[in-house]
Amino acid sequence: GGGGGGGACATTMKLDPSALRYLSKDDFRVLTAVELGQRNHEIVPTVLVERIANLGRGDAYKVAKNLLRHKLVHHERKKYDGYRLTTLGYDYLAIQALVKKGLISGVGTQIGVGKESDIFEATDEQGRAMVLKLHRLGRTSFRAVKNKRDYLEHRKNFSWLYLSRLAAKKEFAFMRALGEHGFPVPEAIEVNRHCVLMERMAAYPLVRVRNLGNVQDVYRQAVGLVARLAQHGLIHCDFNEFNLMITEREELIVIDFPQMVSTSHPNAKMFYERDVRCIVDWFHKQYRYDDVDDAESHFSFETVVGRSAAGLLDKELRASGYDKECEDTLEDWRKASHGDSGSSEEEEELSNDEEEELPELERAALDVTKLEVG
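Predicted, not measured: the structure shown is a model, and the values here were computed from it. Residue indices begin from 1 for each chain and proceed along its sequence in written order. Residue-level local features of this predicted model are given only where pLDDT is at least 70; pairs of side-chain atoms are given and counted only at 80 or more, and the full residue set underlies all totals for whole chains, interfaces and linings. Side-chain calculation: all heavy atoms of the structure are included, whereas hydrogens and water are not.

Novice: Report on the nonpolar core, specifying residues and quantitative values.
Specialist: Among the nonpolar cores identified, the biggest contains 55 residues, and Leu178, Tyr272, Phe283 and Tyr287 are the most heavily contacted of them. Of all the elements, helix α8 (residues 215-231) adds the most residues to this core, at ten residues. Two residues qualify as a contact provided that any one of their heavy atoms is within 4.5 Å of a heavy atom in the partner residue. Every residue in contact with Leu178, bar those within four places of it in the chain, is listed here: Phe183, Val185, Leu229, Leu234, Phe257, Met260 and Leu313. Here, the term nonpolar core denotes a set of buried Ala, Val, Leu, Ile, Met, Phe, Trp, Tyr and Cys residues that are joined through side-chain atoms within 4.5 Å. Here the term buried applies to any residue with accessible area under 20% of the maximum for its type, exposed to any over 50%, and partly exposed to those in between, with areas from a 1.4 Å probe on protein chains only. In terms of nonpolar packing, the next biggest core, distinct from the first, is built from 40 residues, Ala60, Leu67, Leu93 and Ile104 among them. Numbered from the N terminus, helices here are DSSP runs of H or I no shorter than four residues, and strands are runs of E no shorter than two.

Novice: With reference to specific residues and values, describe helix α2 (residues 46-53).
Specialist: Along α2, the positions that sit buried rather than exposed are Thr46, Leu48, Val49, Glu50 and Ala53. Contacts from the buried residues of α2 go to α1 (25-37), β1 (44-45), α3 (57-69) and β3 (82-85). After α2 finishes, the residue Asn54 shows a positive phi value of roughly 60°.

Novice: Now, about the environment of Ile52: what can you tell me, with residues and values included?
Specialist: Examined against the element boundaries, Ile52 turns out to sit in helix α2. Among the residues examined, Ile52 registers a relative accessible area of 30% and is labelled partly exposed. When the C-alpha atoms of Ile52 and Val30 are compared, they prove to be 8.0 Å apart, with 22 residues separating the residues in sequence.

Novice: Can you break down the pattern of salt bridges residue by residue, with the values?
Specialist: In the sections that follow, a salt bridge refers to a side-chain nitrogen of Lys or Arg positioned within 4 Å of a carboxyl oxygen of Asp or Glu. Here the structure, examined in full by the defined rule, presents 15 salt bridges. Between Glu121 and Arg200 there is a salt bridge; the shortest N-O distance is 2.8 Å. Taken together, the positions of Glu121 in strand β5 (residues 117-123) and Arg200 in the loop between β8 (195-199) and β9 (204-205) put the pair 79 residues apart, joining distant regions of the chain. The class of Glu121 is partly exposed, set by a relative accessible area of 27%. Given a relative accessible area of 23%, Arg200 falls into the partly exposed group. The salt bridge involving Glu251 is made with Arg249; its shortest N-O contact spans 3.9 Å.

Novice: A description of unusual backbone geometry should follow, citing residues and the corresponding values.
Specialist: Its identity is not glycine, yet Cys237 carries a phi of approximately 75°, on the positive side. We classify Cys237 as buried; its relative accessible area is 8%. The phi dihedral of Glu250 falls on the positive side, at around 60°, and the residue is not glycine. With respect to the helices, strands and loops of the structure, Glu250 is situated in the loop between β11 (244-246) and β12 (252-254). The exposure class assigned to Glu250 is buried, which follows from its relative accessible area of 17%.

Laid out in structure tokens, this is it:
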């Protein structure tokens, strides 16, 4: 099992990490120049790429041709001559940064695909197995947002690069905080751009487990986890058989936290009850188990939140740099894109020409990038 959301088993995808070996320092310079240029331009003018990468015209052109061959950038000539990153180009920048830090030495097969992510195996020099999760916001819900031009007027930073980076930042912050509070989650190792590196758990997705040794015990663990999260001020909002893994010893592990909200959210009670209901329904459907001792009412929202733990995690998370601005942006995106599906080919078009003022964290992250490449 992996540390990622349910879906397809081992599939192969266009992400071919071996190509990293054939990319030179100059290749990464130009790739990073395009990334930096995309702060302010949907399509980064070729002259700007040359300037940021600090390469002459001939050299930059040669490098760009190589990047095009590997499908890491897209070349545009409509309004003017320029480039933008493809999803794959962004993947390579994140993976390269993790390789440079000595955290991973290789990326293996794809082990899962979520609605908004792709999940791969990764290893380090010592052969430790890890999970690499690449966030793909804008893949399934692109068209819906594109149709809401009026809505996007006041949110100019809805580029898939930026959104996917925010989603990864959020997941990493939550996974780390939950782990520190003793929740059964994978260890969060590192985050870079839209990519979260985590421990690989020896466990299986609950959705694939047909029979359990002790159904009642696993059921109580599941409902208990929803309640324990709420006591710490958090609601998962997507707590189901796809986001739970189970070990050989029938211990549950929670994975995937993209939609988590605080218990102070106006719809917190509804989200909480929906999470509990999902568990009750799944155990009834899959294991023919009915909650005889009525754990559901024992863990009512009011009771649980009344017993809140002293150190509220949602407050701690604010302190960890995952701030309200990040949350609002992601929440707005979800509202705008909810329930509509676009095709994955179009995901890469979602960028905005007028990204003048991106929040601080974006700027800081890009300055760090600049240092890495130099």
